[in-house]
Amino acid sequence: MDDDAARFRLTVVDQALRLFAEQGYEATTVDEIAEAAGISRRTFFRQFRSKEDVVFADHESQLAQASAYLEAAQCDPWDAVCGAVVEVFERFTQWREIAARRYRVVRRVPALREREIVTVFRYERLFTDYLRERMPEAPDLARVQFTAAVTATHNYLLRRMVRGESAAGAADLRIELASIPRGRGPVHSDEDLVVAVFPRDMQLRQVADLLVRKLGTL
């Protein structure tokens, strides 16, 4: 999608969200959205399938751009996922008012909350599929855990931003993402090997208690 098409869609999204916030989602018609955006009903339906689609239309652009970023990335795949997430966050900060309006509208409409959950999953699936392709040797659970944590961290900071609770920016997101463990698989160095010797007649409960105490001091 070129820049002009993206800007056009954002204009329609902005007007739709404004009307939803002012009049209510159910009370707002497609004709009212089209009139506010200065387009015909036919043009609206060429771009969007429904009122629900227009609420999340900018996510389609975000997903496409994140996919293109990952495809071109030459860095460590775990870092590439973080880089894609940061870019998504930066674009949302540029469209802060749209993101804030959507948050307020979605909170009030159960069907939109369900659609939001599906949309979040699409980001996670994009990132997980990328890691599966680039990091086939990594444990799959580690990939899924990583992408879930990355997406949740992004969404947490974004929600705080749109609610006016935080002025966190992309730099703050990078710091938080850097602390998420990368699933690099098992490490087999001697430094990670612990050998324990116990009397044959020691009770299992005593063995467990002793291990907990000793390993906690390493």
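It should be noted that the structure appears before, not after, this text.
Residues numbered from 1 in each chain as written. Predicted model: local features only at pLDDT ≥ 70, side-chain atom pairs only at ≥ 80, totals over all residues. Heavy atoms only, no water.

*Asks:* Looking at this model, I keep getting lost on the overall build of the chain. Mind explaining?
*Replies:* When you go through the chain residue by residue, the secondary structure sums to eleven helices and zero strands. Going residue by residue from the N terminus, the α and β elements of the chain occur as α-α-α-α-α-α-α-α-α-α-α. Only carbon and sulfur atoms are counted for the fraction: they give 52% of the accessible area of the chain, which is about 13100 Å². (Helix = DSSP H or I, 4+ residues; strand = E, 2+ residues; numbered from the N terminus. Areas by Shrake-Rupley, 256 points an atom, 1.4 Å probe, with all protein chains shown as cover.)

*Asks:* Would you explain the pattern of salt bridges in this entry?
*Replies:* Oppositely charged side chains may form a pair once their charged atoms are brought near each other. Across all of its chains, the model carries 19 salt bridges by this definition. Ionic pairing is found between Arg 143 and Asp 140, a salt bridge with its closest N-O pair at 2.9 Å. Taken together, the positions of Arg 143 and Asp 140, both in helix 9 (residues 140–162) and three residues apart, correspond to about one turn of that helix. Overall, Arg 143 belongs to the buried group, its relative accessible area being 7%. Counted as one network, the salt bridges with shared partners bring together Asp 14, Glu 97, Arg 101 and Arg 104. (Salt bridge = Lys/Arg side-chain N within 4 Å of Asp/Glu carboxyl O. Buried < 20%, exposed > 50% of the residue type's maximum accessible area, 1.4 Å probe, protein only.)

*Asks:* Is there a simple way to think about the packing of aromatic side chains in this case?
*Replies:* For any pair of aromatic rings, the description consists of the separation of the ring centres together with the inter-plane angle of the planes. Applying the stated criterion to the full structure yields five aromatic pairs. With a centroid separation of 5.2 Å and an interplanar angle of 85°, the aromatic rings of Phe 44 and Phe 45 are classed as edge-to-face. Just above the ring of Tyr 25 sits the side chain of Lys 51; from NZ or CZ to the centre is 4.6 Å. (Phe/Tyr/Trp six-rings, centres within 6.5 Å; stacked < 30°, edge-to-face > 60°. Lys NZ or Arg CZ within 6 Å of the ring centre and 35° of its normal.)

*Asks:* Explain the packing of helix 6 (residues 77–94) against helix 8 (residues 110–134) here, please?
*Replies:* At their nearest, the axes of helix 6 and helix 8 sit 10 Å apart, and the two run at 155° to each other. In terms of orientation, helix 6 and helix 8 fall into the roughly antiparallel class. Seen from above, helix 6 lies across helix 8 with right-handed handedness. Contacts from Pro 77, Trp 78, Ala 80, Val 81, Ala 84, Val 85, Val 88 and Phe 92 of helix 6 reach helix 8 at Tyr 123, Phe 127, Tyr 130, Leu 131 and Arg 134. Per-class residue counts for the contact of helix 6 with helix 8 are twelve nonpolar, no polar and one charged. (Axes fitted to C-alpha atoms, helices over the stretch in contact; angles between N-to-C directions. Parallel < 35°, antiparallel > 145°, perpendicular 65-115°, else oblique. Left-handed = near helix turned anticlockwise from the far one by under 90°. Contact = heavy atoms within 4.5 Å. Nonpolar A, V, L, I, M, F, W, Y, C, P; charged D, E, K, R; others polar.)

*Asks:* Teacher, can you tell me more about the nonpolar core here?
*Replies:* One broad rule of soluble globular proteins: the nonpolar side chains tend to lie buried together. Residues Phe 20, Val 54 and Val 55 are the most contacted members of the largest nonpolar core, which totals 59 residues. Aside from chain neighbours lying at most four places away, what touches Val 54 is Val 12, Val 13, Ala 16, Phe 20, Phe 44 and Phe 48. (Core = buried A, V, L, I, M, F, W, Y, C linked by side-chain atoms within 4.5 Å.)

*Asks:* Please explain helix 10 (residues 170–178) as it appears in this structure.
*Replies:* Along an α-helix, a turn takes 3.6 residues, which lines up residues three or four apart on a common side. Among the residues of helix 10, Ala 170, Leu 173 and Leu 177 are the ones counted as buried. Looking down the long axis of helix 10, one finds its buried residues gathered within 55° of arc, a one-sided arrangement. In this structure, helix 10 carries Ile 175 and Ala 178 as exposed residues pointing more than 90 degrees from its buried face. Those residues of helix 10 that are buried are in contact with helix 6 and helix 9. (Arc of directions from axis to C-beta.)

*Asks:* Explain the layout of surface pockets here, please?
*Replies:* The probe, sized like a water molecule, is rolled over the atoms to show the empty space still left. If you add up the space inside the largest pocket, you get close to 400 Å³. Around the largest pocket, the lining comprises 20 residues; the ones closest to its centre are His 59, Glu 116, Val 120, Asn 155 and Leu 158. Breaking the lining of the largest pocket down by element, the ones donating at least two residues are helix 6, helix 7 (96–108), helix 8 and helix 9. A breakdown of the residues in the lining of the largest pocket according to their chemical character gives eleven nonpolar, five polar and four charged. (1 Å grid on protein atoms, 1.4 Å probe; cavity = no way out; pocket = protein on both sides within 12 Å on 5 of 7 lines; lining within 4 Å. Points joined across faces, edges and corners; volume = space filled by probe spheres on them.)

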